[in-house]
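Close look at the chain arrangement
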Amino acid sequence: MIRVHCPICDRLMEGKGTADWPDYPFCSRRCRLIDLGRWLGEEYRLVAEAEGEAPAEPEETEIP
């Protein structure tokens, strides 16, 4: 049993599983296309690491 909300329109989606909602995690093809349009329009962004900045390494802890 699933009971989730569409991330675009917040519609409640209930059913036995994701097979009841072919556009899961969206409630409809319309919401799926809205999300795609947001990605293509660069409304969603991933933050890139600054150039020349080394990735953070875990600190070593001393064992007594």
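Figured I'd write up the structure that's included with this text.

Definitions and cut-offs
Residues numbered from 1 in each chain as written. Predicted model: local features only at pLDDT ≥ 70, side-chain atom pairs only at ≥ 80, totals over all residues. Heavy atoms only, no water. Patch = residues over 30% accessible without salt bridge, like charges linked within 9 Å, V, L, I, M, F, W, Y side chains within 5 Å. Areas by Shrake-Rupley, 256 points an atom, 1.4 Å probe, with all protein chains shown as cover. Salt bridge = Lys/Arg side-chain N within 4 Å of Asp/Glu carboxyl O. Helix = DSSP H or I, 4+ residues; strand = E, 2+ residues; numbered from the N terminus. Disulfide = S-S within 2.5 Å. Expected span 1.5 Å × (residues − 1). Buried < 20%, exposed > 50% of the residue type's maximum accessible area, 1.4 Å probe, protein only.

On the surface, Leu 33, Leu 36 and Leu 40 cluster together into a nonpolar patch covering about 310 Å² of accessible area. Along the chain, Leu 36 turns up in helix H1 (residues 29-40).

A separate point is the state of the cysteines. Evaluated as defined, the whole model comprises zero disulfides. The cysteine Cys 31 is free of any disulfide, with Cys 6 supplying the nearest cysteine sulfur at 3.7 Å.

This part covers H1. Helical periodicity: at 3.6 residues per turn, an α-helix aligns residues three or four positions apart in one direction. A rise of 1.5 Å per residue sets the reference length of H1, with its twelve residues, at 16 Å; its end C-alpha atoms lie 16 Å apart and thus fit the reference within 8%. Positive backbone phi, at 60°, marks Glu 42, one or two positions downstream of H1.

Under the defined criterion, the tally for this structure stands at two salt bridges. Notably, a salt bridge pairs Glu 14 with Arg 3, separated by 2.5 Å at the nearest N-O pair. Highlighted residues: Glu 14 in strand E2 (residues 12-15) and Arg 3 in strand E1 (residues 2-5), separated in sequence by eleven residues. The class for Glu 14 is partly exposed, based on a relative accessible area of 39%. Residue Arg 3 is classed as exposed on the basis of its relative accessible area, which comes to 59%. In this structure, the salt-bridge partner of Asp 23 is Arg 32, at a minimum N-O distance of 3.4 Å. The class of Arg 32 is partly exposed, set by a relative accessible area of 33%.

The next subject is the environment of Arg 11. With respect to the helices and strands, Arg 11 occurs in the loop between E1 and E2. Taking relative accessible area as the criterion, Arg 11 reaches 42% and is therefore assigned partly exposed. The spatial distance from the C-alpha of Arg 11 to the C-alpha of Cys 27 is 7.0 Å, given a sequence separation of 16 residues.

Moving on, we come to unusual backbone geometry. Following Tyr 24, the chain continues into Pro 25 via a peptide bond in cis, with omega recorded as 15°. Looking at the element boundaries, Pro 25 is found in the loop between E2 and H1. Backbone geometry places Asp 10, a non-glycine residue, at a positive phi of 70°. As for its placement among the helices and strands, Asp 10 is situated in the loop between E1 and E2. Taking relative accessible area as the criterion, Asp 10 reaches 52% and is therefore assigned exposed.

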